[in-house]
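Geometric and topological summary
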Amino acid sequence: MKANLILWSILLLTGIGCRKYEPIEAKVAEFPKTFCNPVNLDYRFMKIDKGAGIREAADPVVVYFKDKYYLFASKSSGYWFSDDFVDWKHVFIPDSVLPIEDYAPGLFVHDGALYYVGSTHGKGRLFRSVEPEKGRWEPVKEIWSFWDPAFYVEGDHLYMYHGCSPVDPIRMQVLDLNTLEPETDIMECFNSDKDRHGWERTGEHNELSRRPYIEGAWMTEHQGKYYLQYAAPGTEWKSYADGAYVGTSPVGPFVYMENSPVSYKPTGFIGGAGHGCLFQVGKEYWKAATNAISVRHMFERRLSFYPAGFDADGYLYTDTYLGDYPMYLPTSDSVGHRPDWMLLSYRKPVTVSSCLPDYSAENLVDEDVRTAWVAAGNDETEWVQIDLKEVADIYAVQINYDEYGANHKGVVPVYQSYVLWASRDGKRWYPVADKSEKRTDTPHEYLEFETPFAARYIKWENREYTVSDHVALRELRVFGKGRGKMPQSVSHFTVSRDTADVCRAVVDWEPVEGACGYIIRSGIAPDKLYHNYQVMDSCRFELTGLNSGVSYYFTIDSYNENGIARGSEIVESAVLR
């Protein structure tokens, strides 16, 4: 009896007995500081043949106009605007008002108006608006806009860059900004060079021999230098990326930037970081880019935002390091790009209410946007439960829906409603997000909690799902902080540059204790390791997007749900031609 009293006294003093069974209280942040790629937009369903039930958006352009950020993207039946990068309002535009169904929108601001033209074979009608949030546009003039037009304004000149072809180069022309008449002939800027630029080669792993598409031009001036960006090799692959040429004038001549690609994300939950734009929020640069899903159709795509910038030596870069983990919003004043929250749900035990063959529960936690769990139905009996195996501090959850069985076209008022539960013991459950009355379309729902809560189990319960007859999730991702040990750091590895093809290299290393994944960082100098490759379930990786004639430096970080251990060694791979 005395021993029991002593034990209970200890439990009460330490609070262990109380904490184990105290209710879980959580509140979704009304004003979040973070977001998670892909951007959670009400992506439109395709209108094209064989595109029923497939969402798409690509080729983003972000423009700051009259205190709002406008986001235009291909095939979106309109555009979005926001002042906080959280609440994006869609403006539906009928074809009778604007040729919104053209690919690759080109935009610029001049004299208090926003100008728009779509991608065409030749001439396109230029439109302008002083109230784009109201969907009011007026025609201005027909101009030669060609494929994938992009504009840059300087002085009284309008510089237009264009091109989208596996054969033709990126070209440009100078127009008078006020009359919109040509001031110069069309000039060639550059073309693909897949023999020397490995990342320009076609294929998911740059393995195909056919010529790449060179497209999606974008011009940015920074400290007197002009960075002409472009996309390759094709929108349907994770290898989709942006490179850059730089000049001292917006008309060139342009020299290839040896650290290209300057926007690159070939691995992770969702890959691809090509054909977008560079934009500023205050003094900070951000990259809007196209991601590839491309399972049901090659144009099944999403959009993402990544931090970007220029280093002290003038090299343009995009920070895609864990680029589909939570990161601070562009409007946030937080220090750094992302919080130290890790993915807690990868390959954890998962149970479901039901599933169709080939769409099993394991797809919910495999970190692959291209796979999905599909339930037998779409009513309130369908649910998903993840066991994190240990109690952890949960900061955010991302719910990525699939469109299995959908047959919609265009803008459709579909929605997903649900309740999210949490538990410490798998028996006592508490609601942490009640979205049972939600009637909005959120295909990549992201919930940040005002304060973290401790839990081991997360359960998603369907309420209503109007997309199709089968509720389907691509991934249920739980972010936070584990309470265990950090992994060991990788202290030794080898890099073998392929002597037969110097655009390829193989990195090998020994597994380290506690790691559930690794991130190879590489670049053209020890302080320019801007490329990264997230590797799970392997200690060997082949890089296929290097440039010939360039030395590279490498290091390897290890990570688990408790944090990241930075690599302690940098290895140089000498220049090979």
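Residues numbered from 1 in each chain as written. Predicted model: local features only at pLDDT ≥ 70, side-chain atom pairs only at ≥ 80, totals over all residues. Heavy atoms only, no water.

Here the focus is the sheet that holds strand β18 (residues 225-232). Adjacent strands of a sheet form backbone hydrogen bonds with each other and so pair up, either parallel or antiparallel. The antiparallel open sheet is built from five strands, whose spatial order is β14-β17-β18-β19-β20. A single partner strand is all that each edge strand has here, and the edge strands are β14 (164-165) and β20 (255-256). Summarising the sheet, β18 and strand β19 (residues 241-247) pair through seven bridges and their orientation is antiparallel. Across the sheet, Y226 pairs through a bridge with G247, a residue of β19. (Pairing = 2+ DSSP bridges. Helix = DSSP H or I, 4+ residues; strand = E, 2+ residues; numbered from the N terminus.)

This part takes up the side chain of T202. Structurally, T202 can be placed in the loop between β16 (187-190) and β17 (214-222). Here R210 takes part through its backbone oxygen, which lies 3.1 Å from a polar atom of the side chain of T202. (Polar contact = N/O pair within 3.5 Å; in protein donor to acceptor, adjacent residues only side chain to side chain.)

Turning next to the environment of S119. Relative to the elements of secondary structure, S119 occurs in the loop between β9 (113-117) and β10 (123-131). Expressed as a C-alpha distance, the spacing of S119 and P149, which sit 30 residues apart in the sequence, is 6.2 Å. Excluding anything up to four places from it in sequence, S119 contacts D102, Y103, A104, F146, W147, D148 and P149. (Contact = heavy atoms within 4.5 Å.)

Taken as a whole and judged by the stated rule, the model has six cavities of 30 Å³ or more. What lines the largest cavity is a set of 14 residues, among which V61, P105, P149, A217 and H275 lie closest to the centre. Among the elements of the structure, β4 (58-65), β17 and β21 (271-281) are those that each provide at least two residues to the lining of the largest cavity. Looking at the lining of the largest cavity residue by residue, the classes come out as eight nonpolar, four polar and two charged. (1 Å grid on protein atoms, 1.4 Å probe; cavity = no way out; pocket = protein on both sides within 12 Å on 5 of 7 lines; lining within 4 Å. Points joined across faces, edges and corners; volume = space filled by probe spheres on them. Nonpolar A, V, L, I, M, F, W, Y, C, P; charged D, E, K, R; others polar.)

What follows is about unusual backbone geometry. Omega for the peptide link from A232 to P233 comes to -5°, which places this bond in the cis form. Structurally, P233 can be placed in the loop between β18 and β19. For the bond running from S260 to P261, omega is 5°, close enough to zero to count as cis. Assignment of secondary structure puts P261 in the loop between β20 and β21. The backbone of K389 shows a phi angle near 75°, a positive value even though the residue is not glycine. On the basis of relative accessibility, which here comes to 48%, the residue K389 falls in the partly exposed class. (Buried < 20%, exposed > 50% of the residue type's maximum accessible area, 1.4 Å probe, protein only.)

Once that is clear, we can look at the layout of surface pockets. Of the pockets and cavities examined, the largest pocket occupies roughly 850 Å³. Of all the secondary structure elements, the ones that give two or more residues to the lining of the largest pocket are β1 (34-35), β2 (44-45) and β32 (444-465). Considering each element in turn, the lining of the largest pocket owes the most residues, four residues, to β32. Its residues placed into classes, the lining of the largest pocket shows 21 nonpolar, seven polar and 10 charged. For the second largest pocket, the calculated volume is near 530 Å³. Residue lining of the second largest pocket: 17 residues in total, with V62, W218, L278, F279 and Q280 positioned closest to the centre. Broken down by secondary-structure element, the contributors of at least two residues to the lining of the second largest pocket are β4, β8 (106-110), β12 (150-154), β17 and β21. A total of four residues in the lining of the second largest pocket trace back to one element, the largest contributor, which is β17. Here the residues of the lining of the second largest pocket sort into 14 nonpolar, two polar and one charged.

Before going further, it helps to spend a moment on the packing of aromatic side chains. Across all of its chains, the model carries 43 aromatic pairs by this definition. Seen from their ring centres, W144 and F146 are 5.6 Å apart, and the 25° between their planes marks the pair as stacked. Overall, F146 belongs to the buried group, its relative accessible area being 17%. Where Y359 meets Y404, the ring centres are 5.0 Å apart and the plane angle is 65°; that geometry is what we call edge-to-face. Placement of the pair is Y359 in the loop between β27 (350-352) and β28 (373-374) and Y404 in the loop between β29 (383-401) and β30 (416-423), with a sequence separation of 45 residues. R477 extends its terminal NZ or CZ atom over the ring of F269, reaching a point 4.3 Å from the ring centre. In this structure, R566 packs its charged tip against the face of Y321, placed 4.9 Å from the ring centre. (Phe/Tyr/Trp six-rings, centres within 6.5 Å; stacked < 30°, edge-to-face > 60°. Lys NZ or Arg CZ within 6 Å of the ring centre and 35° of its normal.)

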